[in-house]
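Remarks on the overall topology
Take a look at the letters that make up each chain.
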Amino acid sequence: MAQLDTRAKLEILADAAKYDASCASSGSVKRTSRDGKGLGSTDSGMGICHAYAPDGRCISLLKILLTNSCIFDCHYCINRKSSNVRRARFTIEEVVRLTLSFYRRNYIEGLFLSSGIIGSPNYTMEQIVEVARHLREVHEFRGYIHLKTIPDADPELIHQAGMYADRISINVELPTASGLKRLAPEKSQDRIEGAMAGMSDAILDTADAKKRYKSAPRFAPAGQSTQMIVGADAATDRDIVSRAAGLYDSFGLKRVYYSAFSPIPDASAVLPLQRPPLMREHRLYQSDWLMRFYAFKPAEVADAADENGMMRLDIDPKLAWALKFRGSFPVDVNTAPREMLLRVPGLGTRAVDKIVAARRGRRLTLADIGRLTVSLAKVRPFLVASDWRPVALSDKADLPLPKPAAKQMELFG
């Protein structure tokens, strides 16, 4: 590997990290250095990387790979062993120095660190843990740290990572075991899930110990997350939703992230030639939201998909579900339980809570609903108010369906 200066390494390894979407986070414990001890804080308590604090500040991480060299040859990965990309590798000291330097310049509030596999999974995991250990113990860094761990590494090394990191993530890579075997034959779904189960148990054990003993050490207080690549294999949206639901239930994940497959240079012939629509990724996040915050069961979210198991791209999953199950509507805003109000297209969780609180004092009119929600036109066909009852739902009457996308005409037809 050619000798590169730190700036050149940063250019290569920050760009190589852009494919990892699972770096946004929240829920960590609050730490501060206002007492004059240590450096940094997680005092904002808000999401980090691609998120905004209440005062409008964009909160960012230094998001890099330790190295983009890798002994694995996963077909979908631009850093795979057979890929013709420029390679670089940071030392432990370089990552620590960059993190502290960027923090002191107020560029970042923490570190997201991942890596290709160099030497062996254990050796690579040791290097990642050492970066976090140096920051925490040598420099008393109290900012946010998110470590991407390697499921093939020794469980004790992954456990050590959890002692230093705010959040741990272990990527399941692909939605199905068959897709993983075909596109990443060196990885195993059983090993990945085994590592996630060990992390989940450790998080629960230390949280219980913290309730009993104040001196108990913190362990990945912001929990664990994972990421799935969408569109690299034949998995449908229904398959992906089902897989995500299983991960949430089995391992208590904070987030499942979805990353649309992006064609890479010198790609394997087993990969699709085009990336899936970015709207597909967006619809999966909306489906995920329905399960996490809108009391939809996984099977109900899957019911919003079409006959091919794919979410409609022209309308969101909540509206698609409502159109399929029109017998559940309209919903009376003055009497319906909160669970049914959450299923009304156009009503978010905050709007529903405001409706439930407001109707305790008086019966709500359509104008009242308009003051409590963003889009009255979207919710009106699905609800009943004291002065409003919609006509029967149909595909065209009074529904907020999108207009067909404009198409470019041929010059010579």
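Residues numbered from 1 in each chain as written. Predicted model: local features only at pLDDT ≥ 70, side-chain atom pairs only at ≥ 80, totals over all residues. Heavy atoms only, no water.

Tracing the chain through its elements places Thr-99 in helix α2 (residues 92–104). According to the relative accessible area criterion, Thr-99 is buried, its value standing at 0%. Every residue in contact with Thr-99, bar those within four places of it in the chain, is listed here: Leu-62, Ile-108, Leu-111, Leu-135 and Phe-141. (Helix = DSSP H or I, 4+ residues; strand = E, 2+ residues; numbered from the N terminus. Buried < 20%, exposed > 50% of the residue type's maximum accessible area, 1.4 Å probe, protein only. Contact = heavy atoms within 4.5 Å.)

It is worth spelling out the sheet that holds strand β6 (residues 167–169) at this point. Overall, parallel pairing links the six strands, which are arranged β3-β4-β5-β6-β7-β8 in an open sheet. Looking at strand neighbours, the two that pair on one side only are β3 (62–65) and β8 (255–260), the edges of this open sheet. If you compare each strand with its neighbour and ignore which way they point, the axes differ by 20 degrees on average. For β3 and strand β4 (residues 110–114), the ladder comprises four bridges, and the chain directions are parallel. Within β4, the residue paired with Leu-62 across the bridge is Leu-111. Of the strands in this sheet, β3 and β4 touch α2, which is tilted by about 165 degrees from β3. (Pairing = 2+ DSSP bridges. Axes fitted to C-alpha atoms, helices over the stretch in contact; angles between N-to-C directions.)

Here we take up the packing of helix α6 (residues 189–212) against helix α7 (residues 237–251). It is at 10 Å that the axes of α6 and α7 come closest, and there the two elements cross at 40 degrees. As summarised for this structure, α6 and α7 are arranged oblique, according to the angle between their axes. Residue-level contacts link Gln-189, Glu-193, Met-196, Ala-197 and Ser-200 of α6 to Arg-243, Leu-247 and Phe-251 of α7. Classifying every residue of the contact of α6 with α7 gives four nonpolar, two polar and two charged. (Parallel < 35°, antiparallel > 145°, perpendicular 65-115°, else oblique. Nonpolar A, V, L, I, M, F, W, Y, C, P; charged D, E, K, R; others polar.)

Here the protein shows a mean pLDDT of 87. Residues at 70 or above account for 85%. Here residues 43–57 scores under 50 on pLDDT; set against residues more than four positions off or in separate chains, the count is 37 contacts. (pLDDT = per-residue confidence, 0-100.)

Approximately 940 Å³ is the volume found for the largest pocket. Looking at the largest pocket, it is lined by 43 residues, and the ones nearest its centre are Asp-20, Tyr-76, Cys-77, Asn-171 and Glu-173. Listing elements by their share of the lining of the largest pocket, those giving two or more residues are β3, β4, α6, β7 (224–230), β8 and α8 (278–293). Looking at the lining of the largest pocket, its residues break down into 21 nonpolar, 11 polar and 11 charged. (1 Å grid on protein atoms, 1.4 Å probe; cavity = no way out; pocket = protein on both sides within 12 Å on 5 of 7 lines; lining within 4 Å. Points joined across faces, edges and corners; volume = space filled by probe spheres on them.)

As a further point, take the pairing of strand β5 (residues 144–148). Summarising burial for β5: five of the five residues are buried, a large majority. Of the two faces of β5, both are covered, the one formed by Tyr-144, His-146 and Lys-148 as well as the one formed by Ile-145 and Leu-147. Relative to β5, β4 runs parallel, the two being bridged by four bridges. Counted as the bridge partner of Leu-113 is Leu-147 from β5.

Attention shifts here to the state of the cysteines. For the structure shown, the criterion picks out zero disulfides. Just so you know, Cys-77 is unpaired, no disulfide at all, and the nearest cysteine sulfur is the one on Cys-74, 6.2 Å from it. (Disulfide = S-S within 2.5 Å.)

Quick look at the pattern of salt bridges now. Evaluation of the coordinates by the stated rule reveals 19 salt bridges. Residue Arg-191 is joined to Asp-152 by a salt bridge in which the shortest nitrogen-to-oxygen separation is 2.4 Å. Placement of the pair is Arg-191 in helix α6 and Asp-152 in the loop between β5 and α4 (155–164), with a sequence separation of 39 residues. Note that Arg-371 is salt-bridged to Asp-368, the shortest N-O span being 2.4 Å. With Arg-371 and Asp-368 both in helix α13 (residues 366–372), this residue pair falls three residues apart, about one helical turn. (Salt bridge = Lys/Arg side-chain N within 4 Å of Asp/Glu carboxyl O.)

Another point: the side chain of Asn-171. Considering the arrangement of structural elements, one finds Asn-171 in the loop between β6 and α5 (177–183). Its relative accessible area of 12% is what places Asn-171 among the buried residues.

With that settled, consider the nonpolar core. Of all hydrophobic cores here, the largest spans 112 residues; its most connected members are Tyr-76, Leu-113, Val-131, Leu-147 and Tyr-258. Look past the residues within four positions of Tyr-258 in its chain and what remains in contact with it is Met-228, Val-230, Ile-240, Ala-244, Glu-281, Leu-284, Tyr-285 and Asp-288. (Core = buried A, V, L, I, M, F, W, Y, C linked by side-chain atoms within 4.5 Å.)

Below, the discussion takes up the environment of Met-228. Tracing the backbone shows Met-228 in strand β7. As for Met-228 and Val-256, which are separated by 28 residues in sequence, their C-alpha atoms are 7.4 Å apart. Apart from residues no more than four positions distant in its own chain, Met-228 is found in contact with Val-172, Glu-173, Leu-174, Pro-175, Ile-240, Arg-243, Ala-244, Val-256, Tyr-257, Tyr-258 and Ser-259.

In this fold, Gln-3 is placed in the segment before α1 (6–16). Residue classification places Gln-3 among the exposed positions, given a relative accessible area of 78%. For the pair formed by Gln-3 and Arg-89, sequence separation is 86 residues and the distance between their alpha carbons is 9.8 Å.

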